[in-house]
Amino acid sequence: MSMSATSSAPAFQPMTVVWIAGIVLAALIPWFTGSVFHFHIAIMVCISAMATGGLAVIAWVGQLSLAHAAFAGIGAYTSVLLVTRLDVPVLLGLPAGALVAGAVAFIIGAPLLRLRGVYFVLITFALNELFRLIMLDIPEFSGGSSGIAGIPKISLFGVTLSNYQSVYPFALFCLALVMGLLVLIRRGQLGRRFAAVEENLALAESSGIPTAKTQTIAFTIGSAIAGFSGAFLAHYVGFISPETFGFQLSVSYVIMLVTGGRLALWGPLVGALFLTPLPEFLRGAVEYQHVIYGVVLIAVLRFLPRGLAGLPRQLSRKGGRG
Amino acid sequence: MNALLEISGLTKRFGGLTALSDVSFGASEGAITGLIGPNGAGKTTCFNLITGTLPATSGTIRFRGQDIGGLSPHKVVEHGLARTFQAATTFPAATVRENILRGALLRHPLGLGAMVFGGAAARDAERKARQTVDEVMEALDLTEHAHREAGTLAYGHQKRLGVAIGLATRPGLLLLDEPAAGLNPDEVDRFATMLKEIRTRFGLSVLIVEHHMRLIMRICDHIVVLDHGEKIAEGAPEAVRDDPKVIEAYLGADHAK
Ligand SMILES: Nc1ncnc2c1ncn2[C@@H]1O[C@H](COP(=O)(O)OP(=O)(O)OP(=O)(O)O)[C@@H](O)[C@H]1O
Ligand SMILES: [Mg+2]
């Protein structure tokens, strides 16, 4: 991961070009097949990839958040309430969702991030449950367990994106923005600080890097991205409830990230691209999603320590030696 | 000589254990000060208190006349007080150059915007920091390893890299915790020469913890001896070496093993 922060490296490594080509091809599939189902899955991939991208930013400073779904939920409810109650345009609701999720993360980040490793995982897990319980407790805002239905669709400057074919380009655009932000962070000084904190926190701190602040920045950016993805999901699916953002969703994001490659720039995209369609295409397997994800996770942890994004490198190393 | 670092009444208790008890000493500008003592004497604890890694139970720490007690480690480095760790400590997945750069960038701070979006200020900061990196790599004889991943370096090189990262923050005082531990006699000699060179070249003062007595006697201008958390002697190398209390502390520790 360090090579990304070294500006002496070429702007695009050959592997990056291969990844980009593969991803662009995958993105075009719905247009080739014309299938509405494929458009739907492609949109869901975009939303998962954005959320997982946010989770990756947090992972870059060495923390694994199991509250990611809750931040997606904060973004979703923020946008939905603004749009339905205050008539705010959806196009403003989406960034507002990101902003509020980021603000919450910023406020609770400092005390939370003092915990590390498994303790941080546990406290964020508890927070996700807390979010769900609080939302169930305030039905006048959250719709309680029956949720909020009939959420307005995304509309851009008066044009409502009413069908799958029209939502998809906008989803791709938003995903490109998120990935662009990730690329900027990784290549800039902030990414260098993130990597330093992830690799050796004590040394980073005594090299003059404010590690607590750096982790809070990562947590804030990552959770804001989750908020954005959650808001997008709400306006796309048209229905949310506290259960939508339960800890299972957090676990799914973690599995996507680890499967794609926890520290790889393209890891979140690859993970979401691989895992989102998987249960949908295995006929009737949607209800076994968690089992499938679990099996994939075990396989990845066992055979691909760097995730799918690290696979080409792993193969070329083996080939190079033989 | 001026006292660059002044420590007085420094005490640290871990529960019932008093790791450091009412210790006072100073480190002079331009000097190499040795901090020695048997295992468990409280040397590393003393470093941890000075650098803000651990809070002191009581006592004051002044650097260039300023009270730096209670500051977090990254603030202490900003004041010009850098440290290395007892274990070989690097950023293992980054190259040697990148490791040192992470220290050097301290002197070229950027706003959050420039840190994400780059721009002229960010490029300028990085260019200047890279000059420091080249200088430090050359002084510590790491240039040939510039592009190696730190985690793959030999132990001795990793220890030297630790010193390089600290040096890149351009400290006034460098705290070295057993920099020669695990080095072979040749490497120890080379390290001694190198340390004297970088002191002159970078206008450094040094506070060094080391068990390697020959090295300590050879390079130190002044030595402070700790035993069981208390200062038992202080003075010129020869005086300390011949001090009966020091001899007893070391022999006693050896007998106890
Ligand atoms: N974080 C801590 N918590 C509890 N006890 C500690 C802690 N750090 C150090 N100690 C104890 O304080 C005493 C002094 O330890 P310290 O590491 O400072 O010794 P040292 O002089 O550096 O020894 P060495 O030469 O072996 O490195 C020891 O008894 C040690 O067990
Ligand atoms: Mg020690």
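Given the structure is predicted, the values throughout are model-derived calculations rather than measurements.

Definitions and cut-offs
Sequence order as written defines the numbering, with residues in each chain counted from 1. Chain letters start at A and ligand numbers start at 1, both assigned in the order the entries are written. In view of the model being predicted, local features appear only for residues whose pLDDT reaches at least 70, and side-chain atom pairs are presented and counted only at 80 or more, with totals across whole chains, interfaces and linings using the full set of residues. To get the side-chain values, take all heavy atoms of the structure and skip hydrogens and water. We count a stretch as a helix when DSSP gives it H or I for four or more residues in a row; a strand needs E for two or more, and each element gets its number in order from the N terminus. We take the radius of gyration over the C-alpha atoms and set the globule estimate at 2.2 Å times the residue count to the 0.38 power. Classification of residues uses two cut-offs on accessible area relative to the type maximum, computed with a 1.4 Å probe and protein chains only: under 20% is buried, over 50% is exposed, and between them is partly exposed. What makes two residues a contact is simply this: any of their non-hydrogen atoms within 4.5 Å. Only the protein chains shown count as covering a residue, and every accessible area follows the Shrake-Rupley method with a 1.4 Å probe. Counting rule for charge: Lys and Arg are taken as positive, Asp and Glu as negative, and neither His nor the chain ends is counted. The atom standing in for a charge is NZ when the residue is Lys, CZ when it is Arg, CG when it is Asp and CD when it is Glu. Following DSSP output, two strands are said to pair if at least two bridges run between them. Put simply, buried Ala, Val, Leu, Ile, Met, Phe, Trp, Tyr and Cys residues joined by side-chain atoms within 4.5 Å make one nonpolar core. Source of the domain bounds: an automatic or database domain assignment. The near set for a molecule or strand comprises every residue that places at least one heavy atom within 4 Å of it. Throughout this description, a polar contact denotes any pair of N or O atoms lying within 3.5 Å of each other; where both atoms belong to protein, one of them has to be capable of donating a hydrogen while the other can accept it, and for residues adjacent in sequence the pair is counted only when both atoms sit in side chains. Residue type decides the class: Asp, Glu, Lys and Arg count as charged, Ala, Val, Leu, Ile, Met, Phe, Trp, Tyr, Cys and Pro as nonpolar, and the leftover types, Gly among them, as polar. A donor here means any N, O or S atom no more than 2.8 Å from the metal (3.2 Å for Na, K and Ca); water is not included, so a site may seem to lack partners. By definition, the buried area sums, over both parts, the 1.4 Å-probe accessible area that each loses when the two are put together. Any carboxyl oxygen of Asp or Glu that lies within 4 Å of a side-chain nitrogen of Lys or Arg is treated as forming a salt bridge with it. Lines fitted to C-alpha atoms define the axes, with helix axes restricted to the stretch in contact, and inter-axis angles between N-to-C directions lie between 0 and 180 degrees.

1. A few points about the overall build of chain A
Here is step 1: Scanning chain A from terminus to terminus reveals 15 helices and two strands.
Here is step 2: In terms of overall dimensions, chain A is globule-like: its C-alpha atoms have a radius of gyration of 19 Å, near the 20 Å expected for 322 residues.
Here is step 3: Out of the 322 residues belonging to chain A, those deemed buried represent 52%.
Here is step 4: Nonlocal contacts in chain A, meaning residues at least 24 apart in sequence, comprise 77% of its contacts between residues at least 6 apart.
Here is step 5: For chain A, the exposed area adds up to about 13,800 Å²; of that, 71% sits on carbon and sulfur atoms.
Here is step 6: Across chain A, the 18 positively charged side chains and the 10 negatively charged ones have centroids separated by 17 Å.

2. Comments concerning the pairing of strand 1 (residues 3-14) of chain B
Residues and elements named next belong to chain B.
Here is step 1: When strand 1 meets strand 2 (residues 17-28), the two strands line up antiparallel, connected through eight bridges. Bridge pairing in strand 2 links Leu 5 to Ala 27.
Here is step 2: Here strand 1 folds back onto strand 2, and the loop between the two strands holds two residues, one of which, Gly 15, carries a positive phi near 60 degrees.
Here is step 3: With five bridges joining them, strand 1 and strand 4 (residues 58-63) adopt antiparallel strand pairing. Bridge pairing in strand 4 places Thr 11 opposite Ser 58.

3. A few points about the nonpolar core
Here is step 1: In terms of nonpolar packing, the biggest core is built from 149 residues, with Phe232(A) and Ile100(B) touching the most fellow members.
Here is step 2: Per-element tally for this core: the top contributor is helix 2 (residues 36-59) of chain A, with 13 residues.
Here is step 3: Split by domain, this core shows at least three residues from each of two domains, domain 1 (1-80 + 171-257) and domain 2 (94-168) of chain B.
Here is step 4: If we skip the residues at most four places from it in the chain, Ile100(B) touches Val133(B), Val136(B), Met137(B), Leu142(B), Leu161(B), Ala164(B), Ile165(B) and Ala168(B).

4. Side note on the site of ligand 1
All names here are of chain B.
Here is step 1: The full set close to ligand 1 counts 13 residues, and Lys 43, Thr 44, Thr 45, Gln 86 and His 211 are the nearest of them.
Here is step 2: In this structure, an oxygen atom belonging to ligand 1 sits 2.9 Å away from a side-chain N or O atom of Asn 39.
Here is step 3: A distance of 3.4 Å is found between an oxygen atom of ligand 1 and a side-chain nitrogen or oxygen belonging to Glu 178.
Here is step 4: Relative to its free-state accessible area of 630 Å², ligand 1 is covered by the protein chains to the extent of 62%.
Here is step 5: Elements with a minimum of two residues in the shell around ligand 1: strand 2 and helix 1 (43-50).
Here is step 6: Ranked by the residues each element gives to the shell around ligand 1, the list is headed by helix 1, at three residues.
Here is step 7: Of the residues contributing to the shell around ligand 1, the split by class is four nonpolar, seven polar and two charged.

5. A look at the coordination of the magnesium ion (ligand 2)
Residues and elements named next belong to chain B.
Here is step 1: All of the protein donors around the magnesium ion (ligand 2) are Thr 44 (OG1) and Gln 86 (OE1); their distances to the metal are 1.9 to 2.3 Å. Placement of Thr 44 in helix 1 and of Gln 86 in the loop between strand 6 (81-83) and helix 3 (96-104) is noted, with a sequence separation of 42 residues between them.
Here is step 2: Under the relative-accessibility criterion, Thr 44 is labelled partly exposed at 27%.

6. Here's the deal with the domain arrangement of chain B
All names here are of chain B.
Here is step 1: Structurally, chain B comprises domain 1 (1-80 + 171-257) and domain 2 (94-168).
Here is step 2: Placing a centre on the C-alpha atoms of domain 1 and another on those of domain 2 gives a separation of 26 Å.
Here is step 3: Listed per partner, the contact involves 20 residues of domain 1 and 15 residues of domain 2.
Here is step 4: Between domain 1 and domain 2 the total buried area reaches about 1,400 Å² when both faces are included, carbon and sulfur atoms providing 65% of it.
Here is step 5: Across the contact surface, domain 1 and domain 2 share two salt bridges.
Here is step 6: The interface formed by domain 1 and domain 2 includes five residue pairs in polar contact (both at pLDDT 80 or more).
Here is step 7: Elements represented by at least two residues in the side of domain 1 that touches domain 2 include exactly helix 2 (73-78), strand 7 (173-177) and helix 7 (185-202).

7. What about the side chain of Gln215(A)?
All names here are of chain A.
Here is step 1: Within the secondary structure, Gln 215 sits in helix 10 (residues 211-237).
Here is step 2: Residue classification places Gln 215 among the buried positions, given a relative accessible area of 3%.
Here is step 3: Aside from chain neighbours lying at most four places away, what touches Gln 215 is Val 61, Gln 63, Leu 113, Arg 116, Val 197 and Leu 201.

8. Considerations on the environment of Arg302(A)
All names here are of chain A.
Here is step 1: Residue placement: Arg 302 occurs in helix 14 (residues 289-303).
Here is step 2: Under the relative-accessibility criterion, Arg 302 is labelled exposed at 58%.
Here is step 3: Along the sequence, Arg 302 and Leu 112 sit 190 residues apart, while their C-alpha atoms lie 30 Å from each other.

9. A short note on the interface of chain B and chain A
One frequent convention defines the size of an interface as the accessible area lost when the parts assemble.
Here is step 1: Contacts between chain B and chain A engage 29 residues on the former and 26 residues on the latter.
Here is step 2: Both faces considered, chain B and chain A share a buried interface measuring about 2,400 Å² in area, 62% of it formed by carbon and sulfur atoms.
Here is step 3: On the chain B side of the interface with chain A, the three residues burying the most area are Phe91(B), Arg102(B) and Met115(B), jointly 26% of the side's total.
Here is step 4: Our enumeration of links across chain B and chain A arrives at three salt bridges.
Here is step 5: Here Arg192(A) makes a salt bridge to Glu126(B), at a shortest N to O gap of 3.5 Å.
Here is step 6: The class makeup of the residues in the side of chain B that touches chain A is 17 nonpolar, seven polar and five charged.

10. Let's talk about the sheet that holds strand 4 of chain B
Residue and element names in this part refer to chain B.
Here is step 1: Taken in spatial order, the four strands make up an open sheet running 2-1-4-5, and their pairing is antiparallel. Of all strands in the sheet, those with a lone pairing partner are strand 2 and strand 5 (66-67), marking the two edges.
Here is step 2: Together, strand 1, strand 2 and strand 4 form the strand contacts of helix 1, whose direction differs from that of strand 1 by roughly 115 degrees.

11. What about unusual backbone geometry?
As a rule of thumb, non-glycine residues mostly have phi less than zero, and peptide bonds are mostly trans rather than cis.
Here is step 1: With a phi close to 60 degrees, Asp87(A) is a non-glycine residue in the positive phi region.
Here is step 2: With a relative accessible area of 67%, Asp87(A) lands in the exposed category.
Here is step 3: Located in the positive-phi region is Asp22(B), a residue other than glycine, with phi close to 50 degrees.
Here is step 4: Tracing the chain through its elements places Asp22(B) in strand 2.
Here is step 5: Judged by its relative accessible area of 55%, Asp22(B) falls in the exposed class.

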